[in-house]
Every structure is written in structure tokens, then in C-alpha cells.
Amino acid sequence: MRRVRPAARELLGFAAAGLCAYAADLGLFLWLRGPGGLDPLTAKALSFVAGCTVAYAGNALGTYRSADAGAFRLRQYAVFCAVNVAGALVQLLCIAVSHYGLGFTSRRADTVSGAGIGMALATVLRFWGTRTLVFRSQAAQAAPGTGQATWTG
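Residues numbered from 1 in each chain as written. Predicted model: local features only at pLDDT ≥ 70, side-chain atom pairs only at ≥ 80, totals over all residues. Heavy atoms only, no water.

Student: Could you give an account of the pattern of salt bridges, naming the residues involved and the relevant values?
Tutor: Following the criterion strictly, the structure yields two salt bridges and no others. The salt bridge partner of Glu10 is Arg131, with a shortest N-O separation of 2.7 Å. Note that Glu10 is positioned in helix H1 (residues 6–33) and Arg131 in helix H4 (residues 107–134), a separation of 121 residues in sequence. Residue Asp25 pairs with Lys44 through a salt bridge whose shortest N-O separation is 2.6 Å. Taken together, the positions of Asp25 in helix H1 and Lys44 in helix H2 (residues 40–63) put the pair 19 residues apart, joining distant regions of the chain. A residue is classified by how much of its surface remains accessible, and Asp25, at 13% relative accessible area, is buried. (Salt bridge = Lys/Arg side-chain N within 4 Å of Asp/Glu carboxyl O. Helix = DSSP H or I, 4+ residues; strand = E, 2+ residues; numbered from the N terminus. Buried < 20%, exposed > 50% of the residue type's maximum accessible area, 1.4 Å probe, protein only.)

Student: Account for the nonpolar core, with residues named and values stated.
Tutor: Ranked by internal contacts, the top residues of the largest apolar core, which has 14 residues, are Tyr56, Phe80, Val134 and Phe135. For this core, the elements supplying multiple residues, two or more each, are H1, H2, helix H3 (74–101) and H4. Ignoring sequence-local partners within four residues, the contact set of Phe135 consists of Tyr56, Asn59, Ala60, Tyr64, Gln76, Phe80 and Thr130. (Core = buried A, V, L, I, M, F, W, Y, C linked by side-chain atoms within 4.5 Å. Contact = heavy atoms within 4.5 Å.)

Student: Please provide a residue-by-residue account of a nonpolar patch on the surface, values included.
Tutor: A cluster of nonpolar side chains, Leu93, Val97, Leu102 and Phe104, forms an exposed patch at the surface whose accessible area comes to about 400 Å². Structurally, Phe104 can be placed in the loop between H3 and H4. We classify Phe104 as partly exposed; its relative accessible area is 46%. (Patch = residues over 30% accessible without salt bridge, like charges linked within 9 Å, V, L, I, M, F, W, Y side chains within 5 Å. Areas by Shrake-Rupley, 256 points an atom, 1.4 Å probe, with all protein chains shown as cover.)

Student: Tell me about the packing of aromatic side chains, and please be specific about residues and values.
Tutor: Enumeration according to the criterion identifies five aromatic pairs in this entry. Aromatic pair Phe14 and Phe127: ring centres 5.1 Å apart, planes at 75 degrees, arrangement edge-to-face. Residue Phe14 is located in helix H1, and its partner Phe127 is located in helix H4; the two are separated by 113 residues in the primary sequence. Ring geometry for Tyr56 against Phe135: centres 5.8 Å apart, planes inclined by 25 degrees, an arrangement best described as stacked. You can see Tyr56 sitting in helix H2 and its partner Phe135 sitting in the loop between H4 and helix H5 (136–142), a full 79 residues away along the chain. The exposure classification of Tyr56 matches that of Phe135, with both residues buried. In this arrangement the basic side chain of Lys44 is found over the ring face of Phe29, its NZ or CZ atom lying 5.8 Å from the centre. (Phe/Tyr/Trp six-rings, centres within 6.5 Å; stacked < 30°, edge-to-face > 60°. Lys NZ or Arg CZ within 6 Å of the ring centre and 35° of its normal.)

Encoded structure:
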């Protein structure tokens, strides 16, 4: 069986953690809006925090796991959440530019700009931020001299 290169393992691990986080965010949001009876902003804020927590856990325990990465680190988690807030702001900025700046005001245009272009740009930002700002010591330890982390999950 062919071995997967460290960079590909890192991307796969990051994507798997992100998909789990997205599912948690969406599922909780739908529950909080429906049976939970919360307003949309409160529901989204709570589901966003839950999604960040799932993504952090998936990356800390999987993608960027190392011998000393098992413990929860509040500062690391706070930086991770800040990176994710920056990603959310990128998505909002894409919608604002498209909707208000360029005049593309249809639901489809908002979806393309926010969930398409915005999500793609935000994912690149989140990957870079997670790898370089949050888990930089694990990335350096995983593959000395290359800055490449390996996923051992």
C-alpha cells in the first residue's frame, strides 16, 4: 500500500475535522432554531462556538497530535477561535462586497459569494492560521526541518 505524504495527511485531517465541525454547527443551529426556540443570532453564536470546539478537538487530537498535545490549552483554543472568527468575517465580507458593492442581490448570488467564494477563501485562511498560529509547535515536531505536520489518526 502506498504511503500518503505528510502534507496530504495534514490536509485530509484538517478537512475531516472541518466536516465534523460543520455538521455539529449546522445540527445544533437547526435544533436551537427549531425545538430549542432560540432567535437566529443566539442560535448561530452558540452553534459557532460548538463547531469551533469540535474543530479544535479534531485538530488537536488528530491532525496535529503529538506526545504533548493531549491536554486542553486555553490560549491555543482562544487563538483557534480567533482564526475561525477571522474566517467567518471573510465570508461576511464576500457577501457584503457582492451584495452591496457589486449589486448582486439575489439569494443565489448571496449563496455563491458567502458559501462558495467566501467559504473557499475562509478555508484557506483557517488552514493557514490553524497550522501556523495554533499548532505551529506540533507541526514543527511532526516533521523536523520541513514545517510539515503529519496526521497519525
